[in-house]
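Overview (structure and organization)
Spelled out, the chains give:
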Amino acid sequence: MSPAGAGSAPVVWVNGPFGCGKTTVTRHLATLLPGALVVDPEDVGHMLWRRLPPGLREEEFELEPLWAPLTRLLVERCARTYGRTVVVPMTVSRLPVFEQLVGGLRRDGLDVRHFTLLADPETIRERLRRRMAERREPPDEWGELSWEGRQLTRCLETLTGPEFGTHVWTADRPPEDVARELAAHL
């Protein structure tokens, strides 16, 4: 653990475009890190959307004014209160929001290890197609895979940048192998 994270366990942020394997890799990673807590910021976003009237809801969690500060507080308090590694699977592709969350946690003295999972667009689209088939969701009126599929180009353009840290390729790799690679970095 770095000196900045003294007094608390590390936070492992698993980023990447929708469909790159964050949730599955996180599930495997948590088994490799005894006692790790998985904190999913989607739960914060869904809580907000259940409470906010439709006119106040944004299109996505990153755009919700309260989502980033609440997520940051939850992650920070879990790391400090429970003293366990906190694993956070969440797409954060907007640099100002990333800086507010990951940068903010680091400024708060937490040891944040950030990884961005990546794959080629066709692999991700195929994963999204399988996910939609499992959920029995039809393509939208434009023939797009899903809202997540429409975000793919934007996410890949930003998340491949050096600001988004350690990049880990997931195409043609079992999620268990990707999780072992992340654990080796820790």
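Predicted model, so just to flag it, every value in this text is computed and none were measured.

1. A few points about a nonpolar patch on the surface
Where nonpolar side chains cluster on the molecular surface, the patch consists of M47, L66 and L70 and spans about 230 Å² of accessible area. Structurally, M47 can be placed in helix α2 (residues 41-51). Overall, M47 belongs to the partly exposed group, its relative accessible area being 31%.

2. Details of the environment of D108
Along the chain, D108 turns up in the loop between α4 (95-107) and β4 (112-118). A relative accessible area of 34% places D108 in the partly exposed class. Separated by 32 residues in the primary sequence, D108 and E76 place their C-alpha atoms 8.2 Å from one another. Ignoring any residue separated from it by four or fewer positions in sequence, one finds D108 in contact with R72, E76 and R80. Reaching out from D108, the side chain makes a polar contact with the side chain of R72 at a distance of 3.2 Å.

3. Things to note about the pattern of salt bridges
Summed over the entire model, instances satisfying the criterion amount to ten salt bridges. Two residues, E76 and R77, come together in a salt bridge whose shortest N-O distance is 3.1 Å. Between R80 and E76 there is a salt bridge, with the nearest N and O atoms lying 2.5 Å from each other. Taken together, the residues span about one helical turn, with R80 and E76 both in helix α3 (residues 67-82) at a distance of four residues. Judged by its relative accessible area of 30%, R80 falls in the partly exposed class. With relative accessibility at 10%, the residue E76 sits in the buried group. Taken together, the shared-partner salt bridges connect E60, E62, R94 and R154 into one network.

4. Let's talk about unusual backbone geometry
Within the chain, D172 stands out as a residue other than glycine whose phi angle is a positive 60°. Considering the arrangement of structural elements, one finds D172 in the loop between β5 (166-169) and α8 (175-185). Given a relative accessible area of 79%, D172 falls into the exposed group.

5. Regarding the state of the cysteines
The full count for this structure, using the stated rule, is zero disulfides. The cysteine C155 is free of any disulfide, with C20 supplying the nearest cysteine sulfur at 9.0 Å.

6. Regarding the packing of aromatic side chains
Tallied over the entire structure, the rule returns three aromatic pairs. Taken together, a centroid distance of 6.4 Å and an interplanar angle of 20° make the contact between F61 and W67 stacked. Of the two residues, F61 and W67, both sit in the buried class. Feature note: the residues W49, F61 and W67 constitute an aromatic cluster, connected by ring pairs.

Calculation rules
Residues numbered from 1 in each chain as written. Predicted model: local features only at pLDDT ≥ 70, side-chain atom pairs only at ≥ 80, totals over all residues. Heavy atoms only, no water. Patch = residues over 30% accessible without salt bridge, like charges linked within 9 Å, V, L, I, M, F, W, Y side chains within 5 Å. Areas by Shrake-Rupley, 256 points an atom, 1.4 Å probe, with all protein chains shown as cover. Salt bridge = Lys/Arg side-chain N within 4 Å of Asp/Glu carboxyl O. Helix = DSSP H or I, 4+ residues; strand = E, 2+ residues; numbered from the N terminus. Buried < 20%, exposed > 50% of the residue type's maximum accessible area, 1.4 Å probe, protein only. Contact = heavy atoms within 4.5 Å. Polar contact = N/O pair within 3.5 Å; in protein donor to acceptor, adjacent residues only side chain to side chain. Disulfide = S-S within 2.5 Å. Phe/Tyr/Trp six-rings, centres within 6.5 Å; stacked < 30°, edge-to-face > 60°.

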